[in-house]
Amino acid sequence: MIGCGAGLPDRVVGNQELASRVDSSDEWIVQRTGIHSRYIAGEGQTTSDLAVLAANAALAYANMPAERVDLIVLATTTPDHTFPATAVKVQARLGITKGIAFDIQAVCSGFIYALAVADNFIRLGQARVALVIGADTFSRILDWEDRTTCVLFGDGAGAVVLEAGEGQGSVADRGVLSSHLHADGRHYQALWVDGGPSTTKTVGHVRMNGQEVFRHAVTRLSEVATEALVANGIDATQLDWLVPHQANLRIIESTAKKLRLPVGRAVVTVDHHGNTSAASIPLALTEAVTDGRIQPGHLLLMEAMGGGFTWGSALVRW
Ligand SMILES: CC(C)(COP(=O)(O)OP(=O)(O)OC[C@H]1O[C@@H](n2cnc3c(N)ncnc32)[C@H](O)[C@@H]1OP(=O)(O)O)[C@@H](O)C(=O)NCCC(=O)NCCS
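K.L.:
Explain the overall build of the chain to me, and be specific about the residues and the numbers.
P.N.:
In terms of helices and strands, the chain carries 10 helices and 13 strands. In summary, the chain has a C-alpha radius of gyration of 18 Å against a globular reference of 20 Å for 318 residues, a match within 12%. Taken along its principal axes, the extent of the C-alpha atoms in the chain is 55 × 45 × 40 Å. A total of 318 residues make up the chain; the buried ones form 57% of that total. Relative to all contacts within the chain whose residues are 6 or more apart in sequence, the contacts with residues 24 or more apart total 75%. Of the roughly 13400 Å² that the chain leaves accessible, carbon and sulfur atoms contribute 51%. Put simply, the chain has 25 plus and 32 minus side-chain charges, and the middle of one group is 3 Å from the middle of the other.

K.L.:
Break down the sheet that holds strand β5 (residues 100–104) for me, with residues and values.
P.N.:
As summarised here, the arrangement of the 5 strands in space is β1-β7-β6-β4-β5, forming an open sheet in which the pairing is mixed. A strand with exactly one partner marks an edge of an open sheet, and here the two such strands are β1 (3–7) and β5. Strand-to-strand twist of the sheet, defined as the mean angle between neighbouring strand axes without regard to direction, takes the value 15 degrees. Strand direction decides the pairing type here: strand β4 (residues 71–75) and β5, joined by 5 bridges, are parallel. Note that in β5 the partner of V73 across the bridge is F102. In the packing of helix α4 (residues 86–93) onto the sheet, the strands contacted are β4, β5 and β6 (129–137), and the crossing angle to β5 comes to about 140 degrees. Here helix α10 (residues 280–290) sits on the sheet in contact with β1, β6 and β7 (155–163), set at roughly 110 degrees to β1.

K.L.:
How would you sum up helix α3 (residues 47–62)? Please name residues and give values.
P.N.:
The first and last C-alpha atoms of α3 sit 22 Å apart over 16 residues, in line with the 22 Å expected at 1.5 Å per residue. What α3 keeps buried is the set T47, S48, L50, A51, V52, A54, A55, A58, L59 and A62. The inward-facing, buried residues of α3 abut β1, β4, α4, β6 and β7. With its phi angle positive at about 55 degrees, N63 sits one or two positions after the end of α3.

Reading the values: the criteria
Residues numbered from 1 in each chain as written. Predicted model: local features only at pLDDT ≥ 70, side-chain atom pairs only at ≥ 80, totals over all residues. Heavy atoms only, no water. Helix = DSSP H or I, 4+ residues; strand = E, 2+ residues; numbered from the N terminus. Rg over C-alpha atoms; globule rule 2.2 N^0.38 Å. Buried < 20%, exposed > 50% of the residue type's maximum accessible area, 1.4 Å probe, protein only. Contact = heavy atoms within 4.5 Å. Areas by Shrake-Rupley, 256 points an atom, 1.4 Å probe, with all protein chains shown as cover. Lys, Arg positive; Asp, Glu negative; His and termini not counted. Charge placed at Lys NZ, Arg CZ, Asp CG, Glu CD. Pairing = 2+ DSSP bridges. Axes fitted to C-alpha atoms, helices over the stretch in contact; angles between N-to-C directions. Expected span 1.5 Å × (residues − 1).

Here you go:
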C-alpha cells in the first residue's frame, strides 16, 4: 500500500445547524455518537468529484503516474448514476484508458470489501497497480426530516494505491497481510434505503434500526478484528493502530476495549467527518498518515460493518 489520499467537500455542517432543522441538540448528538460536525457536498458536487480528488491525492503521494493503474475498485452506495459504474467515470477523469474499473456495493464495509477484491486481483497476477476508492455522498439519500439518521452521516472520499510486490509471506511484510469478509442478509432491513431502480424506481432514503445496528456492530467488529489477529498469529499488543470505520465513537471505544487496546491507539475522525460510509477508513488512514501518527512499517487493523449486514477486517502493514 504505497499511497493514500482524501477528498472532502468545502462545506462543514455543525450539529447546531442540524438542530435548527430537526428536533435534536448538539449535546444529544455528541453524547450518543461523538460527532461534532460533518462535510456536506456542494450543489452539483458528486461522488465521482470527491473520488477524483482522493484518487489524485493518493497517486501523488505514491508518486504513481495514473497510466500505470490497471485496476480501479470503487466502493460506493451513492453512485453518480444507476449505471455505468462511478469507477469508469473516475477512470476517464484520471486520463486512464485501459485496465479494469468497477464499483462494489457493501455500504459502510465497502472499503474493506474493495480492498480485499483488489488485493486478490493482485495476488492472482491480474493487476499490478490498483486504486481502491471509498466514496459516498450520503447527504443525497438522507431523509433530512428524520433526526434518527440525518445527524449521523457526512460526505467524502478516500483512496489508496496498491502495487504488486514480493514479500516473505510473514507478518513482517508490507501491504495487505490478510482480509476477512462476512455478510448476513437476514438483517437487510435493519439498515437500508427504501427505494431502488427495480423496486420503487426512485433513489429512496436511508432507514435504520439504530439499536439493532449498534448491538451487532459491537459484537461483529470485535469478532472480525480478532479473526484477523488469529489468522496472522499476533495479538492486539502488536498493533500500532486500529483504523476503524467511523460510525459512532461508542462503537469504536467498545471495539478497542474488547481488543484490550488503549482507545488512544484508534484513529478517530468521526468527530469531524461523521459517518462517511465507504470513505471513512481511507479518510482516517490519510489523516493519520498526514499528521505523522502512522509511520512506514506500522501495523494497522482496519475493520467495518455496514448495511446488509456486511462486515470485515484487514490487517495492513503501512
Ligand atoms: C443511532 C444511535 C446513535 C441512537 O442512539 P441510542 O442511544 O440507541 O438512542 P435510541 O435510538 O434508543 O433513542 C433514544 C431517544 O433519542 C431520540 N433520538 C433519536 N435521534 C435523535 C436525535 N438526533 N436527537 C435527539 N433525539 C434523538 C429517539 O427518538 C429516542 O427518543 P424516545 O426515547 O423518546 O423514543 C445509536 O443507536 C447508534 O449509533 N446505532 C448505530 C448506528 C450506526 O452506526 N449506523 C451506521 C452503521 S454503518
